[in-house]
Structures are given as C-alpha cells and as structure tokens.
Amino acid sequence: MSQPTSKPDSPPSPVLTEIQTARLNLRLFTQADLGELAGLTSDPDVMKFIGSGQPISTAETQSVLSSIIHAFEKRGFGRWALVDTGSGKMIGYCGLTILDEAVGVELVLLLARSHWGKGFGFEAAHATLRFGFEELQLHEISALTMPGNTRARHLVDELKMGFLRDGHMYGVDCVYYSIKSQDFHADESPYTLRRFSRRADSSDDDSPPVKTSLQATV
Ligand SMILES: CC(C)(COP(=O)(O)OP(=O)(O)OC[C@H]1O[C@@H](n2cnc3c(N)ncnc32)[C@H](O)[C@@H]1OP(=O)(O)O)[C@@H](O)C(=O)NCCC(=O)NCCS
C-alpha cells in the first residue's frame, strides 16, 4: 500500500524561489551557514541598528537561522542568504518578512561591513521588491529603520520607498517607509528566478519560529 506523502490537513508546500542578480545569488539558507552568519551578527558595526543594537552570540544566531529557514519553508518567502558570486562568500541576507501584522510585509537587509558602499544593498533589495510585487503579487512593502541608520535610510530613498512617519516599534524609535506596487518599476538589471518545491532535507516541525533580538527589528 502506498504511503501518503503529506498529512491530510496540511496545506500544500509552497514553491521556493531563489534569485540570481548581476553580482549576487539570493539563495535559501541552510544550517551550514551558521558560522558565516555568526561572523556577521558578532560585528558591532553591522548590529548597531538591529534589535537591541548589540552583537548576538552564536547560540542566538543559531536560533535566528533556524527561524529564517522555518519561516521561508512555511510561507514560500523570507530571508535569502546573499552570496557574492565573485568570491562565493555569503555576505549577508535580504528578503521579506512579517514581523508585525500591523506593518505587513517588510523588507529586511543586512550586509557584511566589507561590502557596504558597493551597491550590493540596492541590488539585493531591488530584486527582493521585484519578487514581492511580481511573484507574490503584494500590493505594498514596508521598511522600518532606526532614525540614526543613515545608510539604510539612504538606501530606501534610492529604492523610491516613501517616508510614512516616525514611530515606535519593537521597543525602539523607528521610521516607517513603504512602496506600493504601482510605484515600483523594475530596472533592466539581471534578474533570474529558480523555482523548486520544498527541499527534501527540511524538517516536518511545525513549531513556531523562535523570536530573537535580531527579529525585533530589521
Ligand atoms: C543598510 C545597508 C544594507 C546599506 O548598505 P550600503 O552599502 O550603504 O548600500 P548599497 O549597497 O546600496 O550602497 C550604496 C552605495 O553604493 C554605491 N554603488 C551603487 N552601485 C555600485 C556599484 N555597482 N559599485 C560600487 N558602488 C556602487 C552607491 O552610489 C551608493 O553610494 P552613496 O551612498 O554614496 O550614493 C548596510 O549599511 C548594512 O548592512 N547595515 C547593517 C545592517 C542594517 O542596519 N540593516 C538595515 C536595517 S533597517
């Protein structure tokens, strides 16, 4: 007798997508990324405007990584690992997440200090917005930054995300931005999608993702 391939009441597994841009591979995270991700989350410069504003430990980063993997497989979108195709190194993450229902789908982005000021942030974020509007058919995507995060604020301006208001979220002052689908225009830069179904090595664990300080804000 053949075995059922999924639980009778479980929703269909989402299609998972990766993106290739001019210089980046936006690929799914795996548990093997822990060392490189922990290298980024231990850098005080990188973490200055994330969560509590402090670096986090490898154990906390492990929790974040598991949460990222779980959320992506459950929703069919989330944070991709950013791989610099020139060096093959994982240089950060970028993607879409839902941290607060009132805010909706948020753009989140983090780059290694060595890769700031080279346009990688814009390249990853633009591809992510394009995916959100073209593939997920979202009507609006938000971004939250801390007021002093001038690099992030400059980047959301470059993305043509509009200032909405100052506010207070996740226990800190923040600035709200958003862009609606009709205001987003994809540029001519390389953008190739690779789609596949839920990976064979994924767990069947439906426990909710663990909330950590890294998830407290982008
Ligand atoms: C926020 C963050 C991603 C911004 O990174 P960034 O490097 O400033 O942003 P970009 O990659 O888009 O780089 C923009 C700069 O690169 C330049 N640039 C653009 N394309 C380029 C290219 N192909 N080659 C070289 N430089 C380029 C742009 O001119 C721009 O410079 P400018 O600011 O002087 O005009 C980065 O500071 C970061 O990871 N910070 C820590 C985590 C964080 O705070 N995340 C956001 C939370 S809200």
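Cut-off values and rules
- Residues numbered from 1 in each chain as written.
- Predicted model: local features only at pLDDT ≥ 70, side-chain atom pairs only at ≥ 80, totals over all residues.
- Buried ≥ 20, exposed ≤ 12 C-beta atoms within 10 Å, placed from the backbone.
- Helix = DSSP H or I, 4+ residues; strand = E, 2+ residues; numbered from the N terminus.
- Pairing = 2+ DSSP bridges.
- pLDDT = per-residue confidence, 0-100.
- Contact = placed C-beta atoms within 7 Å.
- Expected span 1.5 Å × (residues − 1).

*Asks:* What am I meant to see in the pairing of strand β4 (residues 90–97) here?
*Replies:* The side chains of a regular strand alternate, first on one face of the sheet and then on the other. Counting buried positions over the eight residues of β4 gives eight, a clear majority of the element. With five bridges joining them, strand β3 (residues 79–84) and β4 adopt antiparallel strand pairing. Residue pairing across strands places R79 opposite G95, the latter belonging to β4. Where β4 and strand β5 (residues 106–111) come together, six bridges link them in antiparallel fashion. Paired with T97 across the bridge in β5 is E106.

*Asks:* Would you take a moment to explain the confidence of the model for the chain for this structure?
*Replies:* As a note on interpretation, predicted positions should not be read in detail where pLDDT is low. Across the chain, pLDDT averages 88, with 85% of residues at or above 70. A low-confidence stretch, residues 203–218 stays under pLDDT 50, and its non-local contacts, those more than four residues away or across chains, total 37 contacts.

*Asks:* Can you help me understand helix α3 (residues 58–75) in this one?
*Replies:* Note that an α-helix has 3.6 residues per turn; residues three or four places apart therefore point the same way. Given a rise of 1.5 Å per residue, 18 residues ought to cover 26 Å, and the 25 Å separating the end C-alpha atoms of α3 matches this to within 8%. Those residues of α3 that fall on the buried side of the exposure criterion are T61, V64, L65, S67, I68, I69 and F72. Where α3 is buried, its residues meet β1 (16–21), α1 (34–41) and β3. A positive backbone phi angle near 85° is found at G76, which sits one or two residues after α3.

*Asks:* I would appreciate a short explanation of the pairing of β3 in the present structure.
*Replies:* With respect to burial, β3 is a largely interior element, five of its six residues being buried. Judged from the four bridges that link them, strand β2 (residues 24–27) and β3 form a sheet pairing that is antiparallel. Counted as the bridge partner of L24 is D84 from β3. Connecting β3 to the next strand, β4, in antiparallel fashion are five residues, including G88 with a positive phi near 80°.

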